[in-house]
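# Analysis of the macromolecular model
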Amino acid sequence: MISKSACAALLAGLGSASIAIADDVAEGENLYRTQCQICHGSITVQSGKRFEPTQRQPVLLAANRHGATTVTDVPHTSIAWNDEAPRVAFAPPFGPNLRGVVGRIAGTAPGFSYSPTFMKTLKGMQWNEAALNVWITDPQAWVPGVYMFYKQPDPEVRRKIIAYLKANS
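This structure is a prediction, so every number in the text was calculated from the model and none was measured.

## Examining the overall build of the protein
Scanning the protein from N- to C-terminus turns up 6 helices and 3 strands. Of the regular secondary structure in the protein, the N- to C-terminal order runs α-α-β-β-β-α-α-α-α. Counting over 169 residues, the protein shows a buried share of 30%. A sequence separation of at least 24 residues applies to 51% of the contacts in the protein between residues at least 6 apart. Split by element, the accessible area of the protein, about 10600 Å² in all, is 59% carbon and sulfur.

Rendered as structure tokens:
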């Protein structure tokens, strides 16, 4: 039989675990916004607004870094320049929207065109926490030639971003 004090300790531990998970999700949201949202867009649903995975958003372009001489040379076009701020463009995210990514089959986000190498290597794989962890660590190491260049070497940062993605799946 479990004593009352053991039961209380167990419940207290569960409560602090819930707080830790909530903290990880909140920190993961901040990390997502600063490191992922620029390419993948927002994954939260604002009250009163319908979620649109292909919603256009402002993106700062550094066309020169891509060797682009015109807007059409920039990867992932469909860009309309803003006359008031010529360095700001309105474009769809560079990567697929990540709302619901945990549990999704790789290469199936609606409205996104995946690279042939991504489809050849990952087609049919289901995104789970372990797969996302490997992917975020270094996508080029897993799928050389894929369009994603972001790398996150810090396991704590990856864990928190994945907690946020999981909470929004």
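## Some details on the environment of Ser-169
Relative to the assigned elements, Ser-169 resides in the segment after helix 6 (155–167). For Ser-169, a relative accessible area of 49% puts it in the partly exposed group. Expressed as a C-alpha distance, the spacing of Ser-169 and Val-102, which sit 67 residues apart in the sequence, is 5.8 Å. A distance of 3.2 Å separates a polar atom in the side chain of Ser-169 from the backbone nitrogen of Val-102.

## Section: the packing of aromatic side chains
Within a pair of aromatic rings, the relevant descriptors are the distance that separates the centres and the angle that separates the planes. Per the counting criterion, the structure on display carries 8 aromatic pairs. With 6.5 Å between their ring centres and 35° between their planes, Phe-118 and Trp-127 make a pair best called tilted. Exposure remark for Phe-118: the relative accessible area of 5% places this residue in the buried category. Note on Trp-127: relative accessible area 6%, which makes it buried.

## So, the side chain of Ser-115
In this fold, Ser-115 is placed in the loop between strand 3 (88–91) and helix 3 (116–122). According to the relative accessible area criterion, Ser-115 is buried, its value standing at 3%. Apart from the residues lying within four places of it in its own chain, the contact partners of Ser-115 are Val-146 and Tyr-147.

Parameters at a glance
Residues numbered from 1 in each chain as written. Predicted model: local features only at pLDDT ≥ 70, side-chain atom pairs only at ≥ 80, totals over all residues. Heavy atoms only, no water. Helix = DSSP H or I, 4+ residues; strand = E, 2+ residues; numbered from the N terminus. Buried < 20%, exposed > 50% of the residue type's maximum accessible area, 1.4 Å probe, protein only. Contact = heavy atoms within 4.5 Å. Areas by Shrake-Rupley, 256 points an atom, 1.4 Å probe, with all protein chains shown as cover. Polar contact = N/O pair within 3.5 Å; in protein donor to acceptor, adjacent residues only side chain to side chain. Phe/Tyr/Trp six-rings, centres within 6.5 Å; stacked < 30°, edge-to-face > 60°.

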